[in-house]
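Residues per chain are reported as follows:
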Amino acid sequence: MNQVLVVDDEAGMRTALEGSFAGHGWQVESACGVRDALARFERKRHSLVVTDIRMADGDGFSVMRGVRSLSPGTAVVLLTAYGSVPDAVAAVKEGACDYLVKPVDFEQLEAAARRVLSQAWSQRQKSPAVSAPAFKKSSGAPAEIIGHSPQWLRALERARQAAASDADILIQAESGSGKELVARLVHESSARRGHPFVAVNCAAFPEQLLESELFGHAKGAFTGAHAARVGKFELAHGGTLLLDEAGELPLALQPKLLRALQEREFDRLGDTRPVHVDIRIIATTNRPLEAMVREGTFRADLYYRLNVIPLRLPPLRERREDIRELAEYFVRCYAGGAHVRLLPELIARLEQHRWPGNVRELANLMRRAVALSPGESGTETERQIGPEILDVEEGGGMAARSFTNGDFPLSTTDLSRNALPKSESFRPGISLNQAERELIEATLSATEGNRSRAAEMLGVSLRTVRNKIRAYGLPPRRSYRHE
């Protein structure tokens, strides 16, 4: 189990972070300030530290330096308000693994935590198998770029070539295939690597808030705008802005985005003074933008402006040679230092699967396999994981579907689309609206209320899931959590 030390002098924020981490299976300890944090870390070396920057008895930089002096390999994530973003960027240069700007969604925080833990583990291992050879000479490249299949190496070589220029990039690939990972690789391999990498998920915000998220707003620009806010474009100045799920951009916002891309200039909401930025844009999408242009749901001029350097990532089913290496890597990440070996029979069955959820699906399966395999992490006895882990019983003793003909059993971590048994999702004689409501509710139950995972399973956007939940009056996320 991963261990995290949460540091914040605000009791409410500290309690919220502690509860969120604990609720997602982390072992959590919290500290109320710099001195408390360093004393706790000296007694117990946590694998991850998440710390606020500004606190009553010091700052997050002091926490970071103290932690690094005791344990150089510990991953550190800084939480910062907008006003201290430049300090956070400087801290990343000094050794912090990452920083996030408040307010932060826990799914975003956990994703960053997993990412920096993975990077820290890879750096400690210094294993040549962990880095693809196409980027071995790139000093800033992330270490968890894994795989040696021809299709994967061709994609990485094209990414390396793109990193040498300053042109905008459009990465098109299926969900879970590593789009953000490659985008970060491009940034860290480019001349902008010493500057911020800022990501915004275009599907994660209601349409009326996305403009403010991207471009910021002036004080009083709208009801509730009690203070000015800096947008993602401005935060990324000098560095790279990732527009994740660009296919979900509202049509009404696309003209303003096009101007910002063409001129590198924009207006904050409620402000008439233009803001100039020096940024590189990387857009990612799992939707065919060219088809959306033909349908009239995506502007042609914006598509051509984003698609300066097109980059396609192969789905996992096209790079089966990498499945063993990826599976063994994820097992090492989740095993917590235990000796775990995947049996050949399991590898063979993994290599036969179609992987509709791609690398993310494989990662989640390996996490489940480690969690359910016998033995305790940290022991010297080798644990072996065989194909029987694919046929575990779930759901109150009901046997899940067997792992045959390329199908996984349904579970809360299965991200494949259309994973719900048809007999449970549809019944003759009910309306289409009722069938849709039952399907969405069953999917939310399978993901324990995780809307992002539900959207991926259903093959729709996160915004669509949110709208349907509101339209059908479905219960809140906590109602779906399994006891």
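Right above here is the structure, for reference.
Residues numbered from 1 in each chain as written. Predicted model: local features only at pLDDT ≥ 70, side-chain atom pairs only at ≥ 80, totals over all residues. Heavy atoms only, no water.

A. Inspection of the overall build of the protein at higher detail. A count of helices and strands for the protein gives 19 helices and 16 strands. For the protein, the residues scored as buried account for 49% of the 483 residues in total. Sequence-distant contacts, at least 24 apart, represent 68% of the contacts inside the protein between residues at least 6 apart. When the accessible surface of the protein is split by element, carbon and sulfur atoms take 50% of a total near 22,200 Å². (Helix = DSSP H or I, 4+ residues; strand = E, 2+ residues; numbered from the N terminus. Buried < 20%, exposed > 50% of the residue type's maximum accessible area, 1.4 Å probe, protein only. Contact = heavy atoms within 4.5 Å. Areas by Shrake-Rupley, 256 points an atom, 1.4 Å probe, with all protein chains shown as cover.)

B. Region of the structure containing the sheet that holds strand β2 (residues 27-31). One open sheet accounts for five strands, arranged β2-β1-β3-β6-β7; its pairing is parallel. In this open sheet, the two strands that pair with only one neighbour each are β2 and β7 (98-101). Taking each pair of neighbouring strands and ignoring which way they run, the sheet shows an average axis angle of 20 degrees. By the bridge criterion, four bridges tie strand β1 (residues 3-7) to strand β3 (residues 48-52) in an arrangement that is parallel. Each bridged residue has a counterpart across the sheet, and for Val7 the counterpart in β3 is Thr51. Running over the sheet, helix α1 (residues 11-23) touches β1, β2, β3 and β6 (75-80) and is turned about 170 degrees from β2. Here helix α2 (residues 34-43) sits on the sheet and contacts β1, β2 and β3; the angle it forms with β2, its principal contact strand, is near 140 degrees. (Pairing = 2+ DSSP bridges. Axes fitted to C-alpha atoms, helices over the stretch in contact; angles between N-to-C directions.)

C. Spotlight on the packing of aromatic side chains. The final tally for this structure, using the stated rule, is seven aromatic pairs. Aromatic side chains Phe21 and Trp26 sit 5.1 Å apart centroid to centroid with 70 degrees between the ring planes, which places their arrangement in the edge-to-face category. On the accessibility criterion, Phe21 (0% relative accessible area) is buried. Relative accessible area serves as the criterion here: at 4%, Trp26 is assigned to the buried category. Cluster of aromatic residues (ring-pair linked, three or more members): Phe21, Trp26 and Phe106. A cation over a ring is seen here: Arg319 above Trp152, with NZ or CZ 3.8 Å from the ring centre. (Phe/Tyr/Trp six-rings, centres within 6.5 Å; stacked < 30°, edge-to-face > 60°. Lys NZ or Arg CZ within 6 Å of the ring centre and 35° of its normal.)

D. A look at the pattern of salt bridges. All told, the structure shown has 20 salt bridges when counted by the stated rule. A salt bridge links Arg287 to Glu248; the shortest N-O distance between them is 3.2 Å. Of the two residues, Arg287 sits in the loop between β13 (280-285) and α11 (289-295) while Glu248 sits in the loop between β10 (240-244) and α10 (254-263), which places them 39 residues apart along the sequence. With a shortest N-O distance of 2.7 Å, Asp301 and Arg299 are connected by a salt bridge. Owing to a relative accessible area of 32%, Asp301 belongs among the partly exposed residues under this scheme. Connected through shared salt-bridge partners, Glu29, Asp36 and Arg40 make up one network. (Salt bridge = Lys/Arg side-chain N within 4 Å of Asp/Glu carboxyl O.)

E. Broad picture of the packing of helix α13 (residues 323-334) against helix α15 (residues 358-372). Here α13 crosses α15 at 50 degrees, and the two axes come no closer than 9 Å. Looking at the two axes, α13 sits oblique to α15. In the packing of α13 onto α15, the handedness of the crossing is right-handed. For the pair α13 and α15, contact is made by Ile323, Leu326, Ala327, Phe330, Val331 and Tyr334 and by Val359, Leu362, Ala363, Met366, Arg367 and Val370, respectively. Broken down by class, the residue content of the contact of α13 with α15 amounts to eleven nonpolar, no polar and one charged. (Parallel < 35°, antiparallel > 145°, perpendicular 65-115°, else oblique. Left-handed = near helix turned anticlockwise from the far one by under 90°. Nonpolar A, V, L, I, M, F, W, Y, C, P; charged D, E, K, R; others polar.)

F. Summary view of the sheet that holds strand β8 (residues 169-172). The sheet built from five strands is open, its strands ordered β9-β10-β13-β8-β14 with parallel pairing. Each having just a single partner strand, β9 (197-201) and β14 (309-312) make up the two edges of the open sheet. Taking the axes of each pair of neighbouring strands and ignoring which way they run, one obtains an average angle of 20 degrees across the sheet. In the packing of helix α6 (residues 150-164) onto the sheet, contacts are made with β8, β13 and β14, and the angle to β14 comes to roughly 155 degrees.

G. Main features of the side chain of Arg14. Mapped onto the elements of the fold, Arg14 is located in helix α1. No salt bridge is formed by the buried Arg14, whose closest oppositely charged neighbour, Asp8, lies at an N-O distance of 5.7 Å. When near neighbours in sequence (up to four residues on either side) are disregarded, Arg14 contacts Val6, Asp8, Asp9, Ser30, Ala31 and Cys32. (Lys, Arg positive; Asp, Glu negative; His and termini not counted.)

Read these as geometric descriptors, not functional statements.
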